[in-house]
Amino acid sequence: MEKADIRELLRASGFRFDKALGQNFIFDGNLLSAIAADAGAAAGETVVEIGTGAGTLTRALADAADRVISFEVDERLKDILSLTLAGADNVTVVFRDVLKMTDAELSAVVGGGSFRVAGNLPYCVTTPMIMRFAESDLPVSSITVMVQKEVADRLVARPGTPEYSAVTLGVKLFGDARITRDVGRRMFLPAPNVDSAVVRIDRVEGRSCGEDPAALRRIIRAGFAMRRKTLANNLAAAYSVPREKANEAIAAAGFPPLVRGETLSLSDYIKLLGALRATGTI
Ligand code: SAM
């Protein structure tokens, strides 16, 4: 079905875009194909899409990939999708909220084998949705998401910059993030108040260097808890230990006493976790 027809179909059916669900749809064929390519949709690949909408990106993904499993929460889209995705035999639409599904439930739907995640995400669930896959044990090979430009900048930020955050490092634990394209607000219907960007995160095996990722996530959260405080103060508060103990671990890791958490890289945090253990601080 032509993109213009889909817009007409939505209009004719009286469909009302739900702002709370982040319903800003994309209809531009070139952009949709480019996002599908950014997401690694190709022969031999299975893609899990979050947020089917009217099925426009779903189609582009399905044109390139072997199989697409697309999740949507808004059941009002059922009838429209049965028309827009008619004949797309490699697509399964599942009306469930991925954030409320366990890994086992997801695996039962998606099947075995690695898959790529793609989606033009509702802005309200961007970070939880990325972390839901990045922190899971599911065989996710990449995560490609359309996000608000400032979120994109945070995902690819460098240590010591204002955009650098616990989320940057949470993502880094999964793999390497890069912005594949900027997308202006006018490419969406209805147009949101912000510009967007597509970010692709490719899994890098062994990022935690044998450390427990959950312990690393905890120490990273602690490091960013209060931006104006020193790392020693943040660690002392997060682990309920005297500041001297935190200082001892920081020195053992080779960092200056007044170091701040937002200047450390992932490998610095891995070093710090080792030092916290070695000094008996945690
Ligand atoms: N993929 C379509 C496109 O590019 O035009 C739609 C994108 S729209 C920004 C986001 C879609 O995600 C909406 O259709 C919304 O109903 C759906 N959605 C919102 N929260 C969701 C969730 N937790 N799980 C799955 N889909 C969700």
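Residues numbered from 1 in each chain as written. Predicted model: local features only at pLDDT ≥ 70, side-chain atom pairs only at ≥ 80, totals over all residues. Heavy atoms only, no water.

Colleague: Please provide a residue-by-residue account of the overall build of the protein chain, values included.
Modeller: Along the protein chain, the regular secondary structure elements total twelve helices and nine strands. In terms of principal-axis extent, the alpha carbons of the protein chain reach across some 70 × 40 × 25 Å. Across the 282 residues that make up the protein chain, the buried fraction comes to 49%. Sequence-distant contacts, at least 24 apart, represent 66% of the contacts inside the protein chain between residues at least 6 apart. Total accessible area on the protein chain stands at roughly 12,900 Å², and carbon and sulfur atoms take up 50% of it. Each charge class in the protein chain was averaged separately, 35 positive and 34 negative side chains, and the resulting centres sit 6 Å apart. (Helix = DSSP H or I, 4+ residues; strand = E, 2+ residues; numbered from the N terminus. Buried < 20%, exposed > 50% of the residue type's maximum accessible area, 1.4 Å probe, protein only. Contact = heavy atoms within 4.5 Å. Areas by Shrake-Rupley, 256 points an atom, 1.4 Å probe, with all protein chains shown as cover. Lys, Arg positive; Asp, Glu negative; His and termini not counted. Charge placed at Lys NZ, Arg CZ, Asp CG, Glu CD.)

Colleague: Summarise the sheet that holds strand β2 (residues 46–50); cite the residues concerned and give the values.
Modeller: Spatial strand order, β4-β3-β2-β5-β6-β9-β7: seven strands in an open sheet with mixed pairing. One side of each edge strand has no neighbouring strand; the edge strands of this open sheet are β4 (91–94) and β7 (175–183). Between one strand axis and the next, the sheet turns by 20 degrees as a mean value, whatever way the strands run. Inspection of the sheet shows β7 paired to strand β9 (residues 196–203) by eight bridges, in the antiparallel sense. Looking at the pairing, I179 lines up with V199 of β9. Sheet contacts for helix α6 (residues 126–134): β2, β5 (115–120), β6 (140–148) and β9; angle to β6, the most-contacted strand, approximately 175 degrees. (Pairing = 2+ DSSP bridges. Axes fitted to C-alpha atoms, helices over the stretch in contact; angles between N-to-C directions.)

Colleague: Please give an account of the UniProt feature "binding site: S-adenosyl-L-methionine" (unreviewed entry) in the protein chain that cites residues and values.
Modeller: According to UniProt, the feature "binding site: S-adenosyl-L-methionine" (unreviewed entry) maps to N24, I26, G51, E72, D97 and N120 in the numbering used here. For I26, a relative accessible area of 4% translates into the label buried. Setting aside residues up to four positions removed in sequence, I26 forms contacts with L31, L32, I35, T56, N120, M146, M187 and F188. Along the chain, N120 turns up in strand β5. (UniProt positions renumbered as here; feature names shortened; annotations may be inferred.)

Colleague: Just give me the short version of the packing of aromatic side chains, but keep the residues and values in it.
Modeller: This model, assessed by the stated rule, comprises five aromatic pairs. Relative to F25, the ring of F17 lies with its centre 5.2 Å away and its plane at 70 degrees, an arrangement referred to as edge-to-face. With a relative accessible area of 8%, F25 lands in the buried category. Centroid distance F224 to Y269: 6.3 Å. Interplanar angle 25 degrees. Geometry classified as stacked. With F224 in the loop between α9 (213–223) and α10 (231–239) and Y269 in helix α12 (residues 266–278), the pair connects residues that are 45 residues apart, well separated along the chain. Judged by its relative accessible area of 0%, Y269 falls in the buried class. An aromatic cluster of three or more residues is present, and its members are F15, F17 and F25. Taking the ring centre of F95 as reference, the NZ or CZ of K78 above it sits at 5.1 Å. The cationic tip of R132 hangs over the ring face of F133; the distance from NZ or CZ to the ring centre is 5.4 Å. (Phe/Tyr/Trp six-rings, centres within 6.5 Å; stacked < 30°, edge-to-face > 60°. Lys NZ or Arg CZ within 6 Å of the ring centre and 35° of its normal.)

Colleague: Lay out α12 with the relevant residues and their values.
Modeller: The first and last C-alpha atoms of α12 sit 18 Å apart over 13 residues, in line with the 18 Å expected at 1.5 Å per residue. Every buried residue of α12 is accounted for by L266, D268, Y269, I270, L272, L273, A275 and L276. Check the buried side of α12 and you find it contacts α8 (166–174), α9, α10 and α11 (243–252). (Expected span 1.5 Å × (residues − 1).)

Colleague: Report on the packing of α6 against α8, specifying residues and quantitative values.
Modeller: Put simply, α6 and α8 touch, their axes get as near as 9 Å, and they point 30 degrees apart. Classified by the angle between their axes, α6 and α8 sit roughly parallel to one another. In the packing of α6 onto α8, the handedness of the crossing is left-handed. Here T127, I130, M131 and A134 of α6 lie close against α8, whose contacting residues are V167, G170, V171 and F174. Split by residue class, the contact of α6 with α8 holds six nonpolar, two polar and no charged. (Parallel < 35°, antiparallel > 145°, perpendicular 65-115°, else oblique. Left-handed = near helix turned anticlockwise from the far one by under 90°. Nonpolar A, V, L, I, M, F, W, Y, C, P; charged D, E, K, R; others polar.)

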